[in-house]
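# Inside the fold
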Amino acid sequence: MNYSQLEEHKKRVEEAQAIIKKALQTCRKPYVAFSGGKDSLCVLHLVSSIQRDVFVVHWDYGRYFIPRELHEEILEIARGFSSNVMVFTSDRYEKEKRDAYNIWGKEFFEKVVPKLAEEGFDCVFLGLRKEESSSRRIRIKNNIYITPMKEFYPIANWTWLDVWAYIVSNNIRYVSIYDRYAEILGYNKVRFVTFFDPQFDKYGSENVDGVLMWRFRNIK
Amino acid sequence: MSEREYFVEKFLKGLEKLPTPKDFKPCKITFFLSSPLSLTHPWVHFDGIVGYLQVRRILGEDFFLLSKKTRYSFPLHEKFPLAYYKDIPCASVSILESTQYKLEVMYKRFEDRWAGGKKKIYRGSGLFRDFMIQHLYVPTRTVIFYARADLEILEDLLKDLIGLGDNWRIGWGAVRDFVIEEIKEDWSIVANGRAMRPIPIRFLKSYEDSALLAWKPPYWDLSNVEECAVPGTRVELKDE
């Protein structure tokens, strides 16, 4: 909370707001990519405070990776900001269950993105931050867009402290799972990702999910 | 002879040599640990440990050659030193001193120190892939289980146990000592009205909370998953 009073943080918030304002002047039909995570939540809040009822796009990873209660929580949060929430998913999640691997990477870009472009969306606000990884830092630095739409990264220079300070100081509702995981991992390391997902095996996520999300290990 | 046939034959021959349990008594097993217990699930199942030790004793060093891709069936049946209540093994889940989880992160990385010659190694995927391993651990000095077992056979088997929980091979949950005490009441399945292990709800008259859980070994086998009462919650067993 005290961090939010610092000039350093205030400057980053102002910088983010400036990026959004500038982007909104150039875009005809923008949307916010909202995963339900803390970073995209900040972006959604920032954009919504400048433009009401912004379009929100959410990808649903299906009931094998995201518990339905949590999915509902994400949608409730998104709908609290906008009445234009669009949810996309793939049938393959039901077919492939926990064996589904990187379906988002294929289906979102091959099916959803062309549809969004067809509907006139021309730019997207993303919650990517340089601090997250070197690949993201490079992507942001070189403006490497992975869709035909123009991408804006309002919180690119934010640290995890900025993110939490913004959430806490603005009293923004965030998904409850963060508190459960942060108790052990710490708020600096906690991430909201799909559970029991083989894609995150290499980060040892399953070990943590197995203890903290044991009810979700086996599902019908 | 196929690989599977070799292991099954060796198992069946070894099984005959195992002592047959005669007298099952309620008991409390206390393990004293010399390092924290790493977990990938909130509970350690005692029947899983006993089954594992028996199969390992039968197969000896061959146990470590078992293929992960092949499914073997090693039925212990009448040689299993734990009693059964209906189909449920009389063995509780672990009771720990604390449930305060801590995190330790380890990294598995390919090192070229001992690699001969020069060759491109892919570290993003394949055999030499880098791994970040997150260990959730509980700093507990003791782990307690309740069971109804043949105490003599059980004591002999437990001498083989090096560690409890996940990744004991790298030092987590190292067992320093253990004690088996005979007790009056059988707390292996239900104690003071609370489930001591996952119990399929079809065996229960009433239950407070349920979840999809494996209820008999091997616990990784999805075919053993069923709607069960959650350990630690209030339950009432169906009448005989």
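Residues numbered from 1 in each chain as written. Chains lettered and ligands numbered in written order. Predicted model: local features only at pLDDT ≥ 70, side-chain atom pairs only at ≥ 80, totals over all residues.

### Details of the nonpolar core
- The biggest cluster of nonpolar side chains holds 50 residues, and the ones touching the most others in it are B:L37, B:L82, B:A147 and B:I199.
- For this core, the element with the most residues is strand β8 (residues 142-149) of chain B, which contributes five residues.
- Here this core spans two domains, and each of domain 1 (3-188) and domain 2 (190-240) of chain B adds at least three residues to it.
- Non-local contacts of B:A147, meaning those with residues more than four positions away in its chain, are made with B:C27, B:I29, B:F46, B:L82, B:C90, B:A91, B:S92 and B:S188.
- One finds A:I20, A:Y31, A:V43 and A:V54 within the second-largest nonpolar core, a separate group that totals 37 residues. (Core = buried A, V, L, I, M, F, W, Y, C linked by C-beta atoms within 7 Å. Buried ≥ 20, exposed ≤ 12 C-beta atoms within 10 Å, placed from the backbone. Helix = DSSP H or I, 4+ residues; strand = E, 2+ residues; numbered from the N terminus. Domains from an automatic or database assignment. Contact = placed C-beta atoms within 7 Å.)

### Focus: the sheet that holds strand β6 (residues 102-108) of chain B
- Reading across the sheet, the three strands line up as β2-β7-β6 (chain B) and stay open at both edges, with antiparallel pairing between neighbours. In this open sheet, the two strands that pair with only one neighbour each are β2 (37-39) and β6 of chain B. Averaged over neighbouring strand pairs, the angle between their axes works out to 45° when direction is ignored.
- Bridging between β6(B) and strand β7 (residues 131-138) of chain B involves seven bridges; their strand directions are antiparallel. Bridge pairing in β7(B) links B:M106 to B:I133.
- Packed on one face of the sheet, helix α9 (residues 205-212) of chain A meets β2 and β7 of chain B and runs near 30° to β7(B). (Pairing = 2+ DSSP bridges. Axes fitted to C-alpha atoms, helices over the stretch in contact; angles between N-to-C directions.)

### Examining α9(A)
- Along α9(A), the residues classified as buried are A:S205, A:N207, A:V208, A:D209 and A:V211.
- Close packing links the buried residues of α9(A) with β2 and β7 of chain B.

### Overview of the domain arrangement of chain B
Residues and elements named next belong to chain B.
- Under the domain assignment used here, chain B contains domain 1 (3-188) and domain 2 (190-240).
- Taking only C-alpha atoms into account, the centre of domain 1 sits 21 Å from that of domain 2.
- Tallying the contact residues gives 14 residues for domain 1 and 11 residues for domain 2.

### Here we look at the interface of chain B and chain A
- Facing the 18 residues of chain B at the interface are 14 residues of chain A.
- Listing elements by their share of the side of chain B that touches chain A, those giving two or more residues are β7 and β14 (210-214) of chain B.
- Broken down by element, the side of chain B that touches chain A gets its largest block of residues, six residues, from β7(B).
- The class makeup of the residues in the side of chain B that touches chain A is 12 nonpolar, four polar and two charged. (Nonpolar A, V, L, I, M, F, W, Y, C, P; charged D, E, K, R; others polar.)

### So, the pairing of strand β1 (residues 30-33) of chain A
Residue and element names in this part refer to chain A.
- Of the two faces of β1, the one holding P30 and V32 and the one holding Y31 and A33 are both buried throughout.
- In terms of strand pairing, β1 meets strand β4 (residues 123-125) through three bridges, oriented parallel. When the sheet's bridge partners are listed, V32 is paired in β4 with F125.
- As judged from the three bridges shared by β1 and strand β2 (residues 55-59), these two strands associate in the parallel manner. Residue pairing in the sheet places V32 in a bridge with V56 of β2.
- A crossover connection joins β1 to the parallel β2 through helix α2 (residues 38-50); in handedness this β-α-β unit is right-handed. (Right-handed = clockwise from strand over helix to strand, strands pointing away.)

### Details of unusual backbone geometry
Residue and element names in this part refer to chain B.
- A cis amide bond links P217 to the next residue, P218, at an omega of -5°.
- Positionally, P218 belongs in the loop between β14 and β15 (225-229).
- The backbone of K86 shows a phi angle near 55°, a positive value even though the residue is not glycine.
- Here K86 is to be found in the loop between β3 (84-85) and β4 (88-89).
- A positive phi angle, close to 50°, is found at N192, a residue other than glycine.
- Residue N192 is classed as exposed on the basis of its C-beta count, with 8 C-beta atoms lying within 10 Å.

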